[in-house]
Amino acid sequence: MLNMYEKSDMQNCAITTTTNLEVPISHLLQSNAGIIGKRFTIKGKITEVMSDKNWHYNACPKCRQTLIQTGSKWFCVDDGTYDKAVPNTKCRYQILVKISDNTGTINGTVFDQAANQLLQQTCEETLTKENQTQLLQSMKNREAHFQVQAEQDLKNRSIRCTVNSANYLQPQTNYTSTSTPSIPTPKPVTPPPKIQNTSSAKRSLNMLEGPEAMPSKKTRSDDTTN
């Protein structure tokens, strides 16, 4: 698999880039200089965010390279010197991170487009927030697809990457349910009270009045005697 990267003509590396090839991180770390400038897809997680480093920069309005302030002027390596009032200057992300999968960990830099996709806000919006560090750290430990470009890590003499685009993976629970909706149980209806007939009502009345309501035989016999 690594033979495809063994190119003697290094000038063609940026031209013959691979844009949709998903590879494990270990393949990038174990590859030679022939993959420098080529693009790959990594499926992994950001495991470390160096939010204490310079995670943003002032971009040149022409080439988007870093503007360096020298006194009252701004200087771009590619486009020269600007006056203090640089038109259309924007702050852009350049966040140093570590990306890991189950095969290894690679150093990388998340640039403006990818950071906008992950954080859902521009660099200038983040700079207005009080919890900037917390916002940057929110990118950690969330599985995503990273579109990266292989670069030479001169400090560590290894391969690193720049992250140009990134998207979190959709959760597996997002689906449309096809089950039959439940039918609500009807509330019980209390039947109306039964109407008693006349004879039943009369018997009930006699029971309520008690024996005092009935004239006794002894009383009637006493009256006859008198």
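Data block above holds the structure.
Residues numbered from 1 in each chain as written. Predicted model: local features only at pLDDT ≥ 70, side-chain atom pairs only at ≥ 80, totals over all residues. Heavy atoms only, no water.

1. Some points on the overall build of the protein chain
Next up, step 1: Broken down by element type, the protein chain carries six helices and nine strands.
Next up, step 2: Counting across all 226 residues of the protein chain, residues that qualify as buried make up 29%.
Next up, step 3: Summarising the internal contacts of the protein chain: among those between residues at least 6 apart in sequence, 57% fall at separations of at least 24.
Next up, step 4: Carbon and sulfur atoms make up 50% of the accessible area of the protein chain, which amounts to about 16100 Å² in all. (Helix = DSSP H or I, 4+ residues; strand = E, 2+ residues; numbered from the N terminus. Buried < 20%, exposed > 50% of the residue type's maximum accessible area, 1.4 Å probe, protein only. Contact = heavy atoms within 4.5 Å. Areas by Shrake-Rupley, 256 points an atom, 1.4 Å probe, with all protein chains shown as cover.)

2. Here we look at helix α2 (residues 112-119)
Residues lying three or four places apart along an α-helix face the same way, a consequence of the helix completing one turn every 3.6 residues.
Next up, step 1: Among the residues of α2, D112, A114, A115, L118 and L119 are the ones counted as buried. Projected down its long axis, α2 shows its buried positions confined to an angular sector of 160 degrees, all on one face.
Next up, step 2: Phi for Q120, located one or two positions after α2, is positive at around 60 degrees. (Arc of directions from axis to C-beta.)

3. A word on the pairing of strand β6 (residues 90-101)
For a regular strand, side chains alternate in direction, first toward one face of the sheet and then toward the other.
Next up, step 1: The pairing of strand β1 (residues 39-49) with β6 spans four bridges and is antiparallel. Across the sheet, the residue bridging to V49 is V97, located in β6.
Next up, step 2: Note: strand β2 (residues 56-59) against β6, four bridges, orientation antiparallel. Paired with Y57 across the bridge in β6 is R92.
Next up, step 3: Judged from the eight bridges that link them, β6 and strand β7 (residues 104-111) form a sheet pairing that is antiparallel. If you follow K98 over to β7, its bridge partner there is N107.
Next up, step 4: Where β6 hands over to β7, the hairpin turn is made up of two residues, counted between the paired strands. (Pairing = 2+ DSSP bridges.)

4. Some thoughts on a nonpolar patch on the surface
Next up, step 1: A contiguous nonpolar surface patch, about 270 Å² in accessible area, is contributed by I68, F75 and V77.
Next up, step 2: Checked against the element boundaries, F75 lands in strand β4 (residues 73-76). (Patch = residues over 30% accessible without salt bridge, like charges linked within 9 Å, V, L, I, M, F, W, Y side chains within 5 Å. Salt bridge = Lys/Arg side-chain N within 4 Å of Asp/Glu carboxyl O.)

5. Topic: the nonpolar core
Next up, step 1: Core analysis: the largest hydrophobic core is formed by 32 residues, its most contacted members being I46, I95, I99, V110, F146 and V163.
Next up, step 2: Residue assignment for this core shows that the elements contributing at least two residues are α1 (25-30), β1, β6, β7, α2, β8 (143-153) and β9 (158-168).
Next up, step 3: Per-element tally for this core: the top contributor is β9, with five residues. (Core = buried A, V, L, I, M, F, W, Y, C linked by side-chain atoms within 4.5 Å.)

6. Brief notes about the state of the cysteines
Next up, step 1: Within the structure shown, the criterion is met by zero disulfides.
Next up, step 2: Unpaired in terms of disulfides, C60 finds its nearest cysteine sulfur in C63, a separation of 3.8 Å.
Next up, step 3: Taking relative accessible area as the criterion, C60 reaches 2% and is therefore assigned buried. (Disulfide = S-S within 2.5 Å.)

It is worth stressing that arrangement in space is one thing and function is another; only the former is reported here.
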